[in-house]
Amino acid sequence: MAVKKTQLYASLWASCDKLRGGMDSSEYKDYILTLLFMKYVTDKFKNKGDYEDIKVFDKAHDKDPDPEKRTGCSFDDFIALKGKKNIGEGMDKIIARLADENTDLKGVIDIAHFNDEKKLGSGKEMVDKLTDLISIFQRPELDFSKNKAEGDDIIGDAYEYLMRKFATESGKSKGQFYTPAEVSRILANVVGISRCTDSSATVCDPACGSGSLLIRAIDAAPFPIMGYGQEKESTTAGLAKMNAVLHRKAEITIKSGNTFSNPQYLDKSDNSILERFNYIVANPPFSMKNWRDGIAGKEYGRFEGYGDMPPEKNGDYAWLMHILKALKSNGKAAVILPHGVLFRGNAEATIREAIIKKHWIKGIISLPANLFYGTGIAACVLVIDKEGAANRQGIFMIDASRGYVKDGNKNRLRERDIYRIITTFNEQITTDPKYARFVLNDEIEKKNEYNLNITRYIDSTDPEDIQDIYAHIHGGIPAVDIDGLKKYWGVFPSLKTELLTAISEKYYNLNVEHENIRQTIYKNAEFSEYGEKLDDAFAAWKSKEYPALSTLDEDVSARELIASLAEAILIEFENLTLIDKYDVYQVLLAYWNEVMNDDVSLIISEPDGYANARATDNIEEEITSGKKKGEMKITGWEGRLIPKNIVIDAFFREEKNAIEEAENVAAETESQLSDLIESADEDSSLADVAENGKVKAKDIEAKIAELTQHVETEETIELVNLLELLPMQKKRLQAYLVGHPLCKSVVNEKGNVTKTAIVDRLTIIRTVESIPESLQEDVNQLKEALELCGKVSEYNKIVKDLYQALDEKCRARYETLTDDEILDLLVNRKWFNSIFSGISDLYAAISHHLTNRIIELAERYESTLPQLESDTTKYEAKVKSHLERMGFKW
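Okay, so let's go over this structure. Because the structure is a prediction, the values reported are computed rather than measured. (Residues numbered from 1 in each chain as written. Predicted model: local features only at pLDDT ≥ 70, side-chain atom pairs only at ≥ 80, totals over all residues. Heavy atoms only, no water.)

### Focus on the nonpolar core
And then number 1: The biggest cluster of nonpolar side chains holds 79 residues, and the ones touching the most others in it are Trp489, Ile642 and Trp831.
And then number 2: With 16 residues, the single largest contributor to this core is helix 31 (residues 819-860).
And then number 3: If we ignore the near neighbours within four places in the chain, the residues touching Ile642 are Ala613, Val647, Tyr814, Leu817, Ile822, Leu825 and Leu826.
And then number 4: With 55 residues, the next largest nonpolar core counts Leu8, Ile32, Leu33 and Leu162 among its residues. (Core = buried A, V, L, I, M, F, W, Y, C linked by side-chain atoms within 4.5 Å. Buried < 20%, exposed > 50% of the residue type's maximum accessible area, 1.4 Å probe, protein only. Helix = DSSP H or I, 4+ residues; strand = E, 2+ residues; numbered from the N terminus. Contact = heavy atoms within 4.5 Å.)

### What about the pairing of strand 2 (residues 226-231)?
And then number 1: Of all six residues making up strand 2, five are buried, and the element is well covered by its neighbours.
And then number 2: Traced from strand 1 (residues 202-205) through helix 9 (residues 212-220) to strand 2, the parallel crossover comes out right-handed.
And then number 3: The pairing of strand 2 with strand 3 (residues 252-256) spans five bridges and is parallel. In the sheet register, Glu231 faces strand 3, and the bridge partner there is Ser256. (Right-handed = clockwise from strand over helix to strand, strands pointing away. Pairing = 2+ DSSP bridges.)

### Looking at the packing of aromatic side chains
And then number 1: According to the stated counting rule, one finds 25 aromatic pairs in the structure shown.
And then number 2: On the numbers, 5.1 Å between centres and 90° between planes, the contact of Tyr31 with Phe114 is edge-to-face. Of this pair, Tyr31 sits in helix 2 (residues 25-45) while Phe114 sits in the loop between helix 4 (87-101) and helix 5 (117-120), and the two are 83 residues apart along the sequence.
And then number 3: Note on Tyr31: relative accessible area 3%, which makes it buried.
And then number 4: For Phe114, a relative accessible area of 0% translates into the label buried.
And then number 5: Pairing Tyr228 with Tyr265 gives two aromatic rings, centres 5.4 Å apart and planes at 70°, and the pair type is edge-to-face. Residue Tyr228 is located in strand 2, and its partner Tyr265 is located in the loop between strand 3 and strand 4 (277-282); the two are separated by 37 residues in the primary sequence.
And then number 6: We classify Tyr228 as buried; its relative accessible area is 15%.
And then number 7: The structure contains a cluster of three or more aromatic residues connected by ring pairs, namely Phe492, Tyr522, Phe527, Tyr530 and Tyr843.
And then number 8: We note Lys39 situated over the ring of Phe75; from NZ or CZ to the ring centre the distance is 5.9 Å. (Phe/Tyr/Trp six-rings, centres within 6.5 Å; stacked < 30°, edge-to-face > 60°. Lys NZ or Arg CZ within 6 Å of the ring centre and 35° of its normal.)

### A look at the side chain of Thr259
And then number 1: Mapped onto the secondary structure, Thr259 falls in the loop between strand 3 and strand 4.
And then number 2: Taking the relative accessible area as the measure of exposure, Thr259 reaches 4% and is therefore buried.
And then number 3: At 2.6 Å, the side chain of Thr259 and the backbone oxygen of Pro206 are in polar contact.
And then number 4: In this structure, Thr259 is in contact with Pro206, Gln230, Arg302, Trp319 and His322, ignoring residues within four places of it in sequence. (Polar contact = N/O pair within 3.5 Å; in protein donor to acceptor, adjacent residues only side chain to side chain.)

### Focus on the environment of Thr708
And then number 1: Its location among the elements puts Thr708 in helix 26 (residues 697-708).
And then number 2: Owing to a relative accessible area of 4%, Thr708 belongs among the buried residues under this scheme.
And then number 3: When neighbours within four sequence positions are excluded, Thr708 is seen to be in contact with Arg766, Thr767 and Val779.
And then number 4: Of note is the side chain of Thr708, whose polar atom sits 2.8 Å from the backbone oxygen of Ile704.

### Re the pairing of strand 8 (residues 394-399)
And then number 1: Summarising burial for strand 8: six of the six residues are buried, a large majority.
And then number 2: For strand 6 (residues 361-366) and strand 8, the ladder comprises four bridges, and the chain directions are parallel. Across the sheet, Gly363 pairs through a bridge with Phe396, a residue of strand 8.
And then number 3: Across five bridges, the pairing between strand 8 and strand 11 (residues 436-440) is antiparallel. Along strand 11, the bridge assignment pairs Met397 with Arg437.

### Some remarks on the side chain of Asp316
And then number 1: You can see Asp316 is positioned in helix 11 (residues 316-326).
And then number 2: In this structure the side chain of Asp316 is engaged in a polar contact, spanning 2.8 Å, whose partner is the side chain of Arg344.
And then number 3: With near-sequence residues (within four places) excluded, Asp316 lies in contact with Pro285, Phe286, Ser287, Met288, Leu337, Pro338, Val341 and Arg344.

### Describing the sheet that holds strand 13 (residues 500-502)
And then number 1: Taken in spatial order, the three strands of this open sheet run 12-14-13, and their pairing is antiparallel. The open sheet has two edge strands, strand 12 (477-478) and strand 13, and neither has a second partner.
And then number 2: Note that strand 13 and strand 14 (residues 507-510) share three bridges and pair antiparallel. Each bridged residue has a counterpart across the sheet, and for Leu500 the counterpart in strand 14 is Leu510.

Below is the structure:
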């Protein structure tokens, strides 16, 4: 089965748990990424000869002439070391062998040392830890051999997933190696590389970190182009090389070195000047100190022609000037820099003015704060385009600082935010002046004296919610506030008259009670008509896309499919004014990322295609304690493509209703038991056995026995004596019964007496027939609770049995699903219904927002000043009266 991203990510993070605690995440990432790399190249290239990207073979195919040196260089050779004392040393030798056979991997794959006792422990601790790690990478969800070449981005995505996790855990000083994927996508799409027509074009990242941004830029090109990256830290450069291999980007070159003092890319014909690139993308370290160290004599003309040098303790402009120098005369760049570069003074102001006068800056995109690992400050994207600079009339500015979602202790761009930034910039959309403007050169140069601070050009703040003094004194809702809801009244004009009545040109009264506002909105005909328009828009999109989603095959690109689906849904919802089309886009993309991408990738990657919907998979969990610790146990099952709840709703509605009815009976009985416990007196026996509002049947039985054990009658005395004499021969028993006739009550049909029968009879006498009046209330209450406990257990067993029967019938039904049933269940009931549910929430939010705002305004001006003064006088008089009656006078 092709790998699912969700399962892959869960397994990878489980592998991190095996190392967490022994070392910092900035260190254990090297081990996990090395294992991921080894597993991937083994599954893809093992024993396939010299015609693949990487040469990988196992020990049996190792051709070293010295038998003692034949170790193999595959993950399979790792497996052979599981449980062995020399596992760490053996893994290091296997990795070294892979690096020897593939010289490009030297300094890449051999960064982590698996025989390091300081990090991995010694003796059995190391053996167990490495054995467990290898076992995790043996799981079925980490089998990459069945993923077709076009789907291999999954491994690159997994690498990115780990890099993001590691960056999150590494903290401020060690997370800068990774540019968030969302930001990388923006740079790759606004730099203009997607419109490249030159197959010999090149792209560079002079501060490439782990290489993700460079890879994104290459992916955005319409055809493969050469990529070049430089990274100061050699270990991080190794991560970038590994990332390139996992993304199958053989066209990428990564070099290690300080970009300022030792730039690695020089002109091939003249090494006194920098090599020039068509495109540059970069997320350099913010406000880098001591960037001048070692650059004397190695300036390469980077800092000439700007009127000043960047300050020594802040390298932001040094990075920008390096990038400008390394660009061809028609080159384009997108670089992330702190907001300070837009407005800081002194030397930076001089440099900024010189750059602005060259008209190289095509655009500025202000991003939200706290997006990046290693810093919480806000940043911006400078988009550089030397081509056409002479005729450039201004700079296109976007304030995207408010579009994000909280994600742990960081902020994260949503799909809608990314899409809006990219489309707004590339299409130069200026319909929303609070979001984007094309700012003319005169406004920048003359009015603002080359200060590029976005807030000078775009005011994205919400209008102030002003208090109306007249309304506070005299009542009424200000018309200015009601007019602020004009986008709603434009769609629901009759709703305004239903909710509000004008009492003057400037004020309104509310026609309905606060609690009836929402109901009034839902009953409004125009509100319902709007809902129908929403339904129609979705139906139109669904009708258009069903043919594509019902005919997926190996020729389909998942990336192109979602792009097409998204563009189409935006078109259908373009004119529904109250629902933001970008919110609709977010609903679709969120579902795609969480669920649908896995489904589509499975269908197009597996030979069985849609027939995978007939398959079910066991759900397994690792046993965490006991003798079987580390083994996997089955805890349930789920449909591979279609969730069982959808199959149950489609084919087993009657059985589901029966379960719901049984659950209702069980819940009602439990409620009766809870009421009984709650109503019991504190000193009652039932309260004595209850704990946190719950009771156990065995505790109730024990309490009844304790209360009634001393109840005695002539019959109980006789029965207790008989109980002590058992067992007894039948003749002797018959003779005994003649002399003790009260014991005949426990004789069965065969003339025998059992201990159980005696105990049962004693219980009946003591708790029913002869219970003392002093115990009667307590015992009856306990018996009632005991009866309810029994019913709860009985009903719960019925529910459990019904669930098990339904579970078995449901799993069996998967195997008989027809092709038409699969398409209906998967495409209509799973995909379309889930997406529509999210869009319906947007519709409901319209009512919530309108209701909340009207209630807020009504409550704000509900009590007028005269009313408040009158109430104050009344309350003051009451208080004074109470105080006087209490003897206080003043």
